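Here is what each chain is made of, one letter per residue.
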Amino acid sequence: MQAEIIDVIDSHTGGEPTRVIVGGGPDLGGGPLAERVARFRGTFDHVRTRVMNEPRGSEAWVGALLVDPGDATCDFGVIFFNNAGYLGMCGHGTMGLMETLRHQGRVQEGSYRIDTPVGPVTAVLHPDGTSSVFNVRSYRHRAAVEVEVPGLGRVTGDIAYGGNWFFLVKSAPPCALEIGSEPKLRAAALGVRRALEGSGITGADGALIDHIEFFGAPGDASNDSRNYVLCPGGAYDRSPCGTGTSAKLACLAADGNLAPGAEWRQESLIGSVFSSTYRSAPDGDGILPEIRGSAHISAVSQLVFDPRDPFLNGIPT
C-alpha cells in the first residue's frame, strides 16, 4: 500500500510551536465549525493523533487545520487541536496561522477575519512583522474560588474564559517561575487541575477547566507579569498564551486593576512576551482583548504515513 502524505507548515510563536495542515487533511464538509469539530473527533481523530503525537509530533505542539469558513464574513477558517483533543481557540496558533498564510503568499499586511469553533476573531498583520489577534469575548466566571490541593494546601484562584477555560491561581506559586523549576510547576498545576475536577468545579455550563495558570514577577522589569500555563495535554505553554492572557485581562478588568486601552505585557516562562490591551464588550459583559506577538516559520515539510509503520497513528498518550 502507498504511504499517505500530509503537508504541513510549522512555526513558533514566542517559542510555542504551531503545525498547520495545508494539504492532505480530512474533508470535514461544510457548516458551522463547531459541527465540523464533531466530525473531526468522530471520524478523523486518527489524523489528529498522527500529526500531534510522537514520533512525528510532541505534547508541546498545537495543530491547526485550515478550512473554509462557516461564517460568510470570514476570510479563513481554522480548527485547533493538540495531543489531548480539540481547542476552542488558540491565540499563539492564530498568529502562527497568519505567518503561515503570509509565507504561502495568501495574505499580506492588513486585517483578516478568522472563523473558529467558538466564533470569529480578527487577525492583523503589522508592518513590523508582528500580528495582533482580536479575540472572542472574554470574561471572569467566578472569583476567589478555593480548592484543596494535595501537597499545596488550600489554593485560591479565578475561573475565567478567554477562548478556553482557565483557573488563574491567585495564591503564590509553589516555586520560582523559571525554566529549571518547570517539572515542579507542572506537578503542582496538574494537582490543581485534578483537584478542580475532583471537586466538581467547572466553567460555565459544566465546561472542563483544562488550563491552569500561575503568576509571578517578570524577569524583565519592563513587563508586568510572568506566567506558567499548563495546557490540556500536560505540556507547558512556551509562549505567554494568547487565550490565557485574554483570561488574565478579563480578571484585571473585573477587579478594576487595568483600564480599557491600557497595555499589559505578559511574559512567559522562557521570557517571550505578548503585548495586550482590551476594550469593554458593547453590552458591558466581559471584554474584547487584543493580543500582539510574533510568529516565525520553522519548517515546511511532508509527514509520511507508511501503512507498515506500527506507530502510524502516533504513540498513544
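None of the values given here were measured: they were computed from a predicted structure. (Residues numbered from 1 in each chain as written. Predicted model: local features only at pLDDT ≥ 70, side-chain atom pairs only at ≥ 80, totals over all residues. Heavy atoms only, no water.)

Caption draft 1: Geometry of unusual backbone geometry. With omega at 15°, the peptide bond leading from glutamate 54 into proline 55 counts as cis. Structurally, proline 55 is set in the loop between helix 2 (45–52) and strand 3 (62–67). Backbone geometry places alanine 144, a non-glycine residue, at a positive phi of 50°. Position of alanine 144 relative to the elements: it lies in strand 9 (residues 139–149). (Helix = DSSP H or I, 4+ residues; strand = E, 2+ residues; numbered from the N terminus.)

Caption draft 2: Quick peek at the pairing of strand 13 (residues 225–230). With six of six residues buried, strand 13 lies mostly within the body of the structure. The side-chain alternation of strand 13 yields two buried faces, one formed by Ser225, Asn227 and Val229 and the other by Arg226, Tyr228 and Leu230. Note that strand 13 and strand 14 (residues 264–267) share two bridges and pair parallel. Following the sheet pairing, serine 225 is matched in strand 14 by glutamine 266. (Buried < 20%, exposed > 50% of the residue type's maximum accessible area, 1.4 Å probe, protein only. Pairing = 2+ DSSP bridges.)

Caption draft 3: Region of interest: the nonpolar core. Core analysis: the biggest nonpolar cluster contains 59 residues, and Ile114, Phe167, Phe214 and Tyr228 have the highest contact counts within it. For this core, the leading source of residues is helix 4 (residues 182–198), giving seven residues. Ile21, Phe40, Leu65 and Phe81 belong to the second largest nonpolar core, which has 19 residues in total. (Core = buried A, V, L, I, M, F, W, Y, C linked by side-chain atoms within 4.5 Å.)

Caption draft 4: Spatial organisation of helix 2. Buried residues dominate helix 2, accounting for six of its eight residues. Listed as buried for helix 2 are Val47, Arg48, Thr49, Arg50, Val51 and Met52.

Caption draft 5: Structural detail: the packing of helix 1 (residues 33–43) against helix 2. The contact between helix 1 and helix 2 brings their axes to 5 Å, and the two run at 80°. As summarised for this structure, helix 1 and helix 2 are arranged roughly perpendicular, according to the angle between their axes. Across the interface between the two elements, Phe40, Arg41 and Thr43 from helix 1 touch Asp45, His46, Val47 and Arg48 from helix 2. Residue composition of the contact of helix 1 with helix 2, grouped by class: two nonpolar, two polar and three charged. (Axes fitted to C-alpha atoms, helices over the stretch in contact; angles between N-to-C directions. Parallel < 35°, antiparallel > 145°, perpendicular 65-115°, else oblique. Contact = heavy atoms within 4.5 Å. Nonpolar A, V, L, I, M, F, W, Y, C, P; charged D, E, K, R; others polar.)

In short, geometric facts, not functional conclusions.
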